[in-house]
Amino acid sequence: HVQLVESGGGSVQAGGSLKLSCSVPERYESYCIAWFRQAPGKEREGVASRDQDGTRVYANSVKGRFTIFKENAKNSLYLQMNSLKPEDTGMYYCAATPRVCKDELSAPDFSYWGQGTQVTVS
């Protein structure tokens, strides 16, 4: 029943890199797909999204450091995270919705969610 499954999280020192993966059902190819994160005591925030036409949207806090991309042949969504900072720490989720991505990411807009993978930067 789990539609999206994240992996690749872990503990890394500041300045390091991690690559997160998310399995995406083939039927989601036309969906807006995205990464969100949530730190303890904080609201869930959008990190990056990719629309069916390849359009990408990034949170200002991760621009220039994170890259979202999809490999359709592998049915996988990725988030390459470089130059990680302690404030990047949180549970990272992939999400999807059967509509066009908006310019701003909002969690209530997304219908399907993975269970998350933890990223800790020290």
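Because the structure is predicted, anything quoted here is derived from the model rather than measured. (Residues numbered from 1 in each chain as written. Predicted model: local features only at pLDDT ≥ 70, side-chain atom pairs only at ≥ 80, totals over all residues. Heavy atoms only, no water.)

As for the side chain of Thr-117
Considering the arrangement of structural elements, one finds Thr-117 in strand 11 (residues 117–121). Within the structure, Thr-117 has its side chain in polar contact with the backbone nitrogen of Gly-9 (distance 3.1 Å). What Thr-117 contacts, discounting residues up to four positions off in sequence, is Glu-6, Ser-7, Gly-8, Gly-9, Leu-20, Gly-90, Met-91 and Tyr-92. (Helix = DSSP H or I, 4+ residues; strand = E, 2+ residues; numbered from the N terminus. Polar contact = N/O pair within 3.5 Å; in protein donor to acceptor, adjacent residues only side chain to side chain. Contact = heavy atoms within 4.5 Å.)

Comments concerning the state of the cysteines
Enumeration over the complete set of coordinates arrives at two disulfides. Two residues share a disulfide in this structure: Cys-22 and Cys-94, whose sulfurs sit 2.0 Å from each other. Note on the Cys-22 and Cys-94 pair: the S-S dihedral is about 60°, so by sign convention the disulfide is right-handed. Pair noted here: Cys-22 is in strand 3 (residues 18–23) and Cys-94 is in strand 9 (residues 90–97), with a separation of 72 residues, a long-range link. The exposure class of Cys-22 is buried, given its relative accessible area of 1%. Here Cys-94 falls in the buried class, since its relative accessible area comes to 0%. A sulfur-sulfur separation of 1.9 Å characterises the disulfide bridge that pairs Cys-32 with Cys-101. Disulfide Cys-32-Cys-101: the torsion about the S-S bond is 105°, which places it as right-handed. (Disulfide = S-S within 2.5 Å. Buried < 20%, exposed > 50% of the residue type's maximum accessible area, 1.4 Å probe, protein only.)

In short, geometric facts, not functional conclusions.
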